[in-house]
Amino acid sequence: MGKLRLRNNGFRTSKQERKLVSIREGQRKRYCEEDHHQDLASKSVHADHSYAVTSKRFVPDISNIVHEEVLDTDGNNLTPTDDWRVGRRVVELGVIADHLQQCKHCGLPLSLHNTINIKTHGLGSVLKVLCTNKSCGNINTIPTGKQHDHKIWDVNTKLALAAIDLGLGEHQINGLLSILNIPTVSHCMIDNRIREVGDVIESVADESMEEWTEKEKEMTREFDGNDNVTVSVDAAWQRRGSGRSYDSLTGHCKWRSKACRICQRAEISGNIPRVHKCNKNFIGSAKAMEPDMVVNMVKESRSKGANITAIIGDEDTTTIARLRAKVDPTIVKLSDSNHMKKPIRNRLYELKNKHSTLSPKVISYIMKCFNYLIAQDPSIKYKSLPYGKPLQDKALQESLTSLFQKYILNSEKLANLGSTQSNESFNKSVAAKAPKNRFYGGSRSLAYRVAAAVAQKNTGHKYTVDVNVSSGLSPGLYTRKLATLRDIQARKRKAVAITTEGKTSNQSSSTFEVREGVCYQSNTMIDTVTEDSDEKILEIPAPKNKPVENDSKPDISTMTHIYFDIEATGLGRTSHITQISARRGLETFSKYILPAREITPKAAEVTGLTFQNGSLYLLDKIVPAVGVKEGLTGFISFLEKSTNNVIFGHNIYNYDCPVLYNALDNCSLLDDFQSKIVGFVDTLKLFKLSFPNLGSYSQCKLCDTLINLSYDAHNAEDDVNALFRLVNEKIDNFTDVQKVFQSELSVFYNYVSLKQMNKNVPSLKQMLDDKVVTKRTANCIARSGLNLSHLRLAYSRNGRTGIKDIFSEPCGSKARVTKSAKLLTVFQTF
């Protein structure tokens, strides 16, 4: 643990401390003599100290310490040094380059290597650079950045603006700088620069408020035909109230503070405060801040020509009463929709303890209906109640009737509600710039941070650019760039939020809950599920999004073309390969493969291949054949000889690829194969696109029709050679090839989906037998990764809504299964 020792001529703690100070003072004098500044050695720095009486003890005031020494555990001095090579600095390269161009006396170029020392001013620094001209020897002063107004460093002013914008204080700034190994900055410097830039921020905020007040008046005249302005109000406090106690020292709507740091320090020390601009502008309770701020703001706005005739706010009657008493007795009060909903929700959860049927899902449904009613948009009866059934609890009905009776009596009020959501958004901005876990209310810092939130709300993040310009500083490229980017992002978020997709985005949360099941709630250890329950499947699998093909597909004409074909034991996608062939230019590859199952009669008739007594026969003659792993390894070795391989094949998307991927997967060679290819081109789709309206698109018929070629079909090697000729002679425009190209990732996704379908379809057999779903729908459900147990689990967690959430869950640009409501009712019996 390091030690911090302070030198202060007015305060001595022990003989040992006095000895240490004496040694350091001698060192300081010798340094001054060596630096030819004898006048400094003759001066001694004195600091006045005051003492405060606290618990009958004298406490030294160390706020004016002039020097400090930091020692580590071994006694090594870690005091900041003037060695310019130590640590990092924030510099403007252009400024340094300009000043190093020539010595101020002799005009010769200067070198950074000849720097003698460095003096730090916050983030700015001054280098002392020696001129190497022996007849000159001048020590030049080289600043590391621009300055303004009596040598105030631009970078320090910008640092203060960043601190306000990002909600940082001196402690957080120095923490960041120290980790970056940049010299820390003093609290005094930060305070001074925050005051400098804070006044400018307040000016920019005032201008933005005046601008938007005029715009609001214009829009009111345009839409309502009068000058009567309605405003929303909602205050916030820097310390959250508990419901029983509200003791925040600060609040904002405008801003109010019950604290002043300078006055508090003077009070603690028993002194009279020095002359200052006191930050304390409120002496009442925290609860009284909101009415006071609202009254002040309405008065001020009216004095500037904004005829405020109505306010939107919460159900606090104090604010409107003060307004009517102190400003205008005719001011109208409109309720906020969000504040109207909260008491109902809280009351429903209180009733939940008395009525077991009032579950969170029922409460959510009731609140949804209430929202539709106050929005004057009635919903469908019983649509979202658990299992779609009406509630039968008479006691609950009486309680709900009693609860909503007072709202029925105030139906006129409910029909004309406003919203304070924009105020909530503003309060979040203030909380970002003045976090609740840090206290900025003891100085003007809070006022500056509230003003920054006002400017950002009105003009966007570009307010930082405006503040720079108003301060006489250049905003710079990167400040403008990020401000513009953030404003664009904010507009996009706002545009998305008002769309149907944005408003229904909460479905994803509901879907996650259905898929994940009970993750966090009380009594989960008690309410355990039985061993044979569907709940033992902890999670329903998430959908796998199909890879999106890039608009800029690779240029197929520059790729290596591999022509490919296989023969197999049957038409199924899990059939075993019996022959695999490929061609690259004049180089070919072909192998017969020993299958691990019998060849179907239909396949044997087409290919002429049969499998008997462990041998493979072609037209009753034994052909040399290898095991499937050896054959696939040879095919991969063939592919390794070239790069950027694109495989061409006829009908390969539908048949060859699934059979090949299945074999590769079973032999643990899939990863190796995937690394050797870029993608696939199905020539069946290619010729349908390039030569429309042909009678048949089988490979044999295409060869006969287009290139007058007849050959032995369904022999993989002959098929590959024929396809090579067909494509090279008839396809000269690669635009169509680009259109039918599929990446390897996309083909792999199709294989995985097919594998899931084959695994899950058997569980849906009963539904198929009972004609509850069609085969196509069952395949779609199974392909999405769902089986019957998953459907039962979703239903048990949230009824038909659970099924709906799972089926309609976004999967790429489409629903996971379907958005059709017709399918939802059929699952109740399963």
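Residues numbered from 1 in each chain as written. Predicted model: local features only at pLDDT ≥ 70, side-chain atom pairs only at ≥ 80, totals over all residues. Heavy atoms only, no water.

Focus: the overall build of the protein chain
What counts here: Helix numbering and strand numbering both begin at the N terminus, where a helix is a DSSP run of H or I of at least 4 residues and a strand a DSSP run of E of at least 2. Think of it in three bands: with a 1.4 Å probe and only protein chains considered, a residue is buried below 20% of the maximum accessible area for its type, exposed above 50%, and partly exposed in between. Two residues qualify as a contact provided that any one of their heavy atoms is within 4.5 Å of a heavy atom in the partner residue. Here the Shrake-Rupley method, with its probe set to 1.4 Å, supplies the accessible areas, and only the displayed protein chains count as covering residues.
Each helix and strand counted, the protein chain has 31 helices and 27 strands in total. Considering the protein chain as a whole, with its 830 residues, one finds that 40% of them fall into the buried category. Excluding contacts between residues fewer than 6 apart, the proportion of contacts in the protein chain whose partners are at least 24 apart in sequence is 64%. On the protein chain, roughly 47,900 Å² of surface is accessible, and the fraction owed to carbon and sulfur atoms is 52%.

Digging into the nonpolar core
The line we're drawing: Nine residue types can take part in a nonpolar core, namely buried Ala, Val, Leu, Ile, Met, Phe, Trp, Tyr and Cys, and a core is a set of them joined through side-chain atoms within 4.5 Å. Each domain's extent is set by a domain assignment, obtained either automatically or from a database.
Residues Leu123, Ile164, Ile173, Val185, Ile190, Ile201 and Val467 are the most contacted members of the largest nonpolar core, which totals 37 residues. Looking at which domains feed residues into this core, each of domain 1 (57-157 + 171-181) and domain 2 (198-332 + 420-475) gives three or more. Ala568, Ile652, Val659 and Cys667 belong to the second largest nonpolar core, which has 33 residues in total.

Observations concerning the side chain of Thr420
With respect to the helices and strands, the residue Thr420 is situated in the loop between helix 13 (411-414) and helix 14 (421-433). In this structure Thr420 comes out as buried when scored by relative accessible area, which is 1%. Those residues in contact with Thr420, other than ones at most four positions away along the chain, are Ser232, Val233, Asp234, Ile312, Gly313, Asp336 and His339.

Things to note about the packing of aromatic side chains
This is how it is decided: Aromatic rings from Phe, Tyr and Trp, with only the six-membered ring used for Trp, were paired whenever their centres fell within 6.5 Å, and each pair was classed as stacked if the ring planes differed by under 30 degrees, edge-to-face if by over 60, and tilted otherwise.
According to the stated counting rule, one finds 15 aromatic pairs in the structure shown. Residues Phe370 and Tyr407 carry aromatic rings whose centres are separated by 6.0 Å and whose planes lie at 75° to one another, so their mutual orientation is edge-to-face. Highlighted residues: Phe370 in helix 11 (residues 360-374) and Tyr407 in helix 12 (residues 394-409), separated in sequence by 37 residues. The class for Phe370 is buried, based on a relative accessible area of 6%.

Structural notes on the packing of helix 28 (residues 744-760) against helix 30 (residues 775-783)
Here is the rule: Interaxial angle, 0 to 180 degrees, is taken between N-to-C directions of lines fitted to C-alpha atoms, where a helix line uses only the stretch in contact. The cut-offs work like this: below 35 degrees is roughly parallel, past 145 is roughly antiparallel, 65 to 115 is roughly perpendicular, and the gaps in between are oblique. Each helix crossing is assigned a hand: it is left-handed if the near helix lies turned anticlockwise from the far helix by less than a right angle, otherwise right-handed if that turn is clockwise. Just so you know the grouping, Ala, Val, Leu, Ile, Met, Phe, Trp, Tyr, Cys and Pro go in nonpolar, Asp, Glu, Lys and Arg go in charged, and all remaining residues, Gly too, go in polar.
For the pair helix 28 and helix 30, the least separation of the axes is 7 Å and the interaxial angle reads 115°. As far as their axial angle goes, helix 30 and helix 28 are roughly perpendicular. Relative to helix 30, the crossing made by helix 28 is right-handed. Residue-level contacts link Asn750, Ser753, Leu754, Gln756, Met757 and Asn760 of helix 28 to Asn779, Ala782 and Arg783 of helix 30. Of the residues in the contact of helix 28 with helix 30, the class split is three nonpolar, five polar and one charged.

Observations concerning the sheet that holds strand 20 (residues 615-618)
Operational definition: Two strands qualify as a pair provided DSSP detects at least 2 bridges between them.
Ordered in space as 19-20-21, the three strands form an open sheet in which the pairing is antiparallel. Two strands lie at the open edges of the sheet, namely strand 19 (609-612) and strand 21 (621-622), each paired on one side alone. Of the strand pairs in this sheet, strand 20 and strand 21 are connected by two bridges, and their pairing is antiparallel. In the sheet register, Leu618 faces strand 21, and the bridge partner there is Lys621.

Overview of helix 30
For the record, the criterion: Throughout, the arc means the angular range of directions from the helix axis out to the C-beta atoms.
For helix 30, the complete set of buried residues consists of Thr777, Ala778, Ile781 and Ala782. Buried positions in helix 30, seen along its axis, are confined to an arc of 135° and lie on one side of it. Across from the buried face of helix 30, at angles greater than 90 degrees, the exposed residues are Lys775 and Arg776.

As for the pattern of salt bridges
Our working rule: Any Lys or Arg side-chain nitrogen located within 4 Å of an Asp or Glu carboxyl oxygen qualifies as a salt bridge.
A complete count under the given rule lists 22 salt bridges for this structure. Two residues, Glu214 and Lys217, come together in a salt bridge whose shortest N-O distance is 3.3 Å. One end of the pair, Glu214, and the other, Lys217, are both in helix 6 (residues 187-224), three residues apart, so they sit about a helical turn from each other.

Examining the sheet that holds strand 11 (residues 236-237)
Read from one edge to the other, the open sheet built from three strands follows the order 11-12-13, with strand pairing classed as antiparallel. Lying at the two open borders of the sheet, with one neighbouring strand each, are strand 11 and strand 13 (256-257). Across two bridges, strand 11 lies against strand 12 (residues 250-252) in antiparallel orientation. From the neighbouring strand, Ala236 faces strand 12, where its bridge partner is His252.

Looking at helix 5 (residues 170-179)
Restricting attention to buried positions, one finds in helix 5 the residues Ile173, Asn174 and Leu177. Along the long axis of helix 5, the arc covered by the buried residues comes to 90°, so they all point the same way. Structural note: helix 5 exposes His171 and Ile179 on the side pointing more than 90 degrees away from its buried face. Residues of helix 5 that are buried sit in contact with helix 4 (154-166) and helix 6. Phi turns positive, to about 60°, at Asn181, one or two residues after helix 5.

Quick look at unusual backbone geometry
Positive phi is not limited to glycine here, since Asn613 has a value of about 50°. By the element assignment, Asn613 lies in the loop between strand 19 and strand 20. The exposure class assigned to Asn613 is exposed, which follows from its relative accessible area of 80%. Not every positive phi belongs to a glycine, and Lys771 is a case in point at roughly 55°.

Considering a nonpolar patch on the surface
We count it as follows: Only residues whose relative accessible area exceeds 30% and that form no salt bridge are eligible for patches; like-charged ones are grouped when within 9 Å, while nonpolar side chains (Val, Leu, Ile, Met, Phe, Trp, Tyr) are grouped when within 5 Å.
Judged by side-chain polarity, Ile116, Leu130 and Ile139 come together as a nonpolar surface patch covering roughly 240 Å² of accessible area. A relative accessible area of 33% places Leu130 in the partly exposed class.

Some words on the state of the cysteines
Counted only if it meets this: By definition, disulfides here are pairs of cysteine sulfur atoms that lie within 2.5 Å.
The full count for this structure, using the stated rule, is zero disulfides. Between Cys703, a cysteine without a disulfide, and Cys700, which holds the nearest cysteine sulfur, the sulfur-to-sulfur distance is 7.0 Å. In this structure Cys703 comes out as buried when scored by relative accessible area, which is 0%.

Quick notes on the pairing of strand 15 (residues 332-335)
Rules: Whether a crossover is right-handed comes down to one check: with the strands pointing away from the viewer, does the path from the first strand over the helix to the second run clockwise; if it does, it is right-handed.
Bridge count between strand 14 (residues 307-313) and strand 15: four bridges; the pairing is parallel. Following the sheet pairing, Ala310 is matched in strand 15 by Val332. The parallel pair strand 14 and strand 15, bridged by helix 9 (residues 317-326), forms a crossover whose chirality is right-handed.

Describing the packing of helix 6 against helix 16 (residues 463-470)
For any two helices packed against each other, the geometry comes down to the angle between their axes and how far apart the axes lie. For the pair helix 6 and helix 16, the least separation of the axes is 9 Å and the interaxial angle reads 120°. By the angle between their axes, helix 6 is oblique relative to helix 16. The interaxial crossing formed by helix 6 with helix 16 has right-handed handedness. Contacts between helix 6 and helix 16 involve Val197, Val200, Ile201 and Val204 from the former and Asp466, Val467 and Ser470 from the latter.

As for the confidence of the model for the protein chain
Stated formally: Confidence scores here are pLDDT values: one per residue, from the predictor, ranging 0 to 100.
Considering every residue of the protein chain, the mean pLDDT works out to 81; 81% of them sit at 70 or more. Within the model, the stretch residues 1-67 combines pLDDT values under 50 with 75 contacts to residues more than four positions away or in other chains. Of the regions scoring below 50 in pLDDT, residues 522-537 engages in 13 contacts with residues more than four places distant in sequence or in other chains.

As for the environment of Ser269
Threshold: A 3.5 Å cut-off defines polar contacts: any pair of N or O atoms within that distance qualifies, except that in protein one atom must be a possible hydrogen donor and the other a possible acceptor, and neighbouring residues in sequence count only when both atoms are side-chain atoms.
Residue position: Ser269 is located in helix 7 (residues 261-269). A polar contact of 3.2 Å, which involves the side chain of Ser269, links it to the side chain of Asn271.

Concerning a positive patch on the surface
The condition that has to hold: For the charge count, each Lys or Arg is scored as positive and each Asp or Glu as negative, with His and the chain ends excluded. To locate a charge, take atom NZ for lysine, CZ for arginine, CG for aspartate or CD for glutamate.
On the surface, Lys104, Lys119, Lys128 and Lys151 cluster together into a positively charged patch. Of note, Lys104 is situated in the loop between helix 3 (93-99) and strand 5 (115-121). Taking the relative accessible area as the measure of exposure, Lys104 reaches 59% and is therefore exposed.

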